[in-house]
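Analysis of the macromolecular model
Listed below are the residues making up each chain.
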Amino acid sequence: MLREKTYILGIESSCDDTAAAVLCDGKILSNVIANQSIHQAYGGVVPELASRAHQQNIVPVVHQALKQAGVSKDQLAAVAFTRGPGLMGSLLVGTSFAKSMAMGLQIPLIEVNHMQAHILAHFIQKEGYKQPHFPFLAMTISGGHTQIVEVKDYFDMRVIGETIDDAVGEAFDKSGKLLGLGYPAGPEIDKRAALGNPKAFHFTKPKVKGLDFSFSGLKTAILYFIQKNTATNPDFIKENLNDICASIQYTIIGILMDKLKKAVQETKINRIAIGGGVSANSGIRQALKQAEHQLGWETFVPAFEFTTDNAAMIAIVGYLKFLNNDFTSQGTTATARLKL
Ligand code: KG4
Ligand code: ZN
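Right, let's walk through the structure included here. (Residues numbered from 1 in each chain as written. Chains lettered and ligands numbered in written order. Predicted model: local features only at pLDDT ≥ 70, side-chain atom pairs only at ≥ 80, totals over all residues. Heavy atoms only, no water.)

**Some points on the nonpolar core**
Counted only if it meets this: Here, the term nonpolar core denotes a set of buried Ala, Val, Leu, Ile, Met, Phe, Trp, Tyr and Cys residues that are joined through side-chain atoms within 4.5 Å. Note on classification: 1.4 Å probe, protein chains only; a residue is buried when its accessible area is under 20% of the maximum for its type, exposed when over 50%, partly exposed between these limits. Helical segments are the DSSP runs of H or I of at least four residues, strand segments are the runs of E of at least two, and each set is numbered from the N terminus. Contacts are residue-level and defined by heavy atoms, with any inter-residue pair within 4.5 Å sufficient.
With 44 residues, the main nonpolar core has Met139, Leu179, Leu256, Met257 and Ile284 as its most contacted residues. Residue assignment for this core shows that the elements contributing at least two residues are β6 (136–141), α4 (168–178), α6 (216–232), α7 (236–267), β9 (271–275) and α8 (282–295). Considering each element in turn, this core owes the most residues, 14 residues, to α7. Setting aside residues up to four positions removed in sequence, Met257 forms contacts with Ile284, Ala287, Leu288, Ala291 and Trp297. Residues Ala21, Ala77, Phe136 and Ile314 belong to the second largest nonpolar core, which totals 34 residues.

**Digging into the site of ligand 1**
Defined as follows: Near is defined per residue: the residue qualifies when any heavy atom it owns lies within 4 Å of the molecule or strand. Counting of polar contacts relies on pairs of N or O atoms within 3.5 Å, with two restrictions inside protein: one atom must be capable of donating a hydrogen and the other of accepting it, and residues adjacent in sequence are counted only when both atoms are side-chain atoms. Classes in brief: Ala, Val, Leu, Ile, Met, Phe, Trp, Tyr, Cys and Pro nonpolar; Asp, Glu, Lys and Arg charged; the others, Gly included, polar.
Taken together, 18 residues form the shell around ligand 1, and within it Gly143, Asp173, Asp190, Gly277 and Asn281 come nearest. Gly144 has a polar backbone atom sitting 3.1 Å from an oxygen atom of ligand 1. Of all elements in the fold, only α4 and α5 (186–193) reach the threshold of two or more residues within the shell around ligand 1. Split into classes, the residues belonging to the shell around ligand 1 amount to five nonpolar, 10 polar and three charged.

**Section: the coordination of the zinc ion (ligand 2)**
As a reminder of what qualifies: Each metal's donors are the N, O and S atoms within 2.8 Å of it, or within 3.2 Å when it is Na, K or Ca, and because water is not part of the set, sites may look incomplete.
At 2.1 to 2.8 Å from the zinc ion (ligand 2) lie its protein donor atoms, namely His114 (NE2), His118 (NE2), His145 (NE2) and Asp309 (OD). Counting the intervening residues between successive donors of the zinc ion (ligand 2) yields the motif H-x3-H-x26-H-x163-D. Note that His114 is positioned in helix α3 (residues 114–120) and Asp309 in the loop between β10 (298–300) and α9 (312–323), a separation of 195 residues in sequence. Just as His114 is buried, Asp309 falls in that class too.

In C-alpha cells form, the structure reads like this:
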C-alpha cells in the first residue's frame, strides 16, 4: 500500500523524561516532554521514582503528542521507541507501551538506540538548521554520556572516545552540588560563568590516553579546593561563586575541546556535530564557533529542543529505519547497556 505521508510516533523513556513525538516525513509535528521534577529533592535521578513517574506520564504524553500533531493513531505508520541504553526500570515502561501500541494497531515496531538518536537528531528538518554531510564527528555530551563518534553514514558509526568514569554532565552537576547549587546544576553554572572570570582559579586537566575522557578527578580536585578555601574563609563560595563557576566551566570545555582537536587530527574529519544536554552550554557553543573561524571546522549544534532527551530524535531514527524496512520483533526487550 502506498502511503502519501509517513507518520512515525517516537517514544523516549530512558532516564527521567517521558517524551513522545510525531514526525511526518522527517518534519516534527509535535514534541512533548514531561520532566520529572521529583528528582530535584534528591540531587539526582532516583531510578525507582523515575520508573513510577514514567508509568503515570506515558499515556497522557503520547495522547498529547498525537493531539498536538493533529494525527490519529490509525494514521501512524510505525511506533519507534528507545530500547537502551538507560535505566532499566525507565526503559521498560516505554518499551512495553510501544510494543502494545504497535501490536494493537498492527503496525511495525522500531527499536532505537538512544545514543544513535542523539547523533541523528541533526537530521530532523528544522528551518535555520543545516544537516551535516558524511563523514562527520559527533560528540555526545550529557548527564549520562560523553562520547566522540565517527559517523560514516546514518547507521555506520563507531565510538572512538568515551568517558572512563563520570559523564561530562555529571561533572557539572556534582561540582554544582559541592557549591550548593540545585540539580541539575549545568544550566546555573553556565549562567554564572558568563558573569565570572574563567582564569580566576586553576584546575588541572586529567591526563587520559587517546580520545577517552575522565571527569572524576576534577570533581575531587574541586572538593579539595572548596574544603581548603572555606577552612580559612567560610564565605569563600558566596564571595567567589561566579568566578568558581567560570573556572570550572573553562576547565571542562578545555577538556572537551582538547579531545575534539585530537580526534580531528587523527581522523582528518573536521565536520563536528554535538548533541546531548551539555550541548546547550554557551561555553562549548562559543568554543566551536571559535574553531570554525580559527581552525576552519564546520560545526553543527542542534536546536535547543533536540539537545536534551526528547522523542523527536527517536522518531527521526524510526523514520530512517522505516525507510530501510528495519523493523523489530515483538520479542524484543529493553537493554540497559546497549552499545552503538
Ligand atoms: O541529555 P540530558 O537532558 O539527559 C541525559 O541524558 O543525561 O542532559 C542533562 C545534562 C545535565 O547534567 C545538565 O546539567 C546538563 O545536561 N546541562 C548543561 C546545560 N544544560 C543542561 N550543562 C552545562 N551547561 C548547560 N547550559
Ligand atoms: Zn540522552
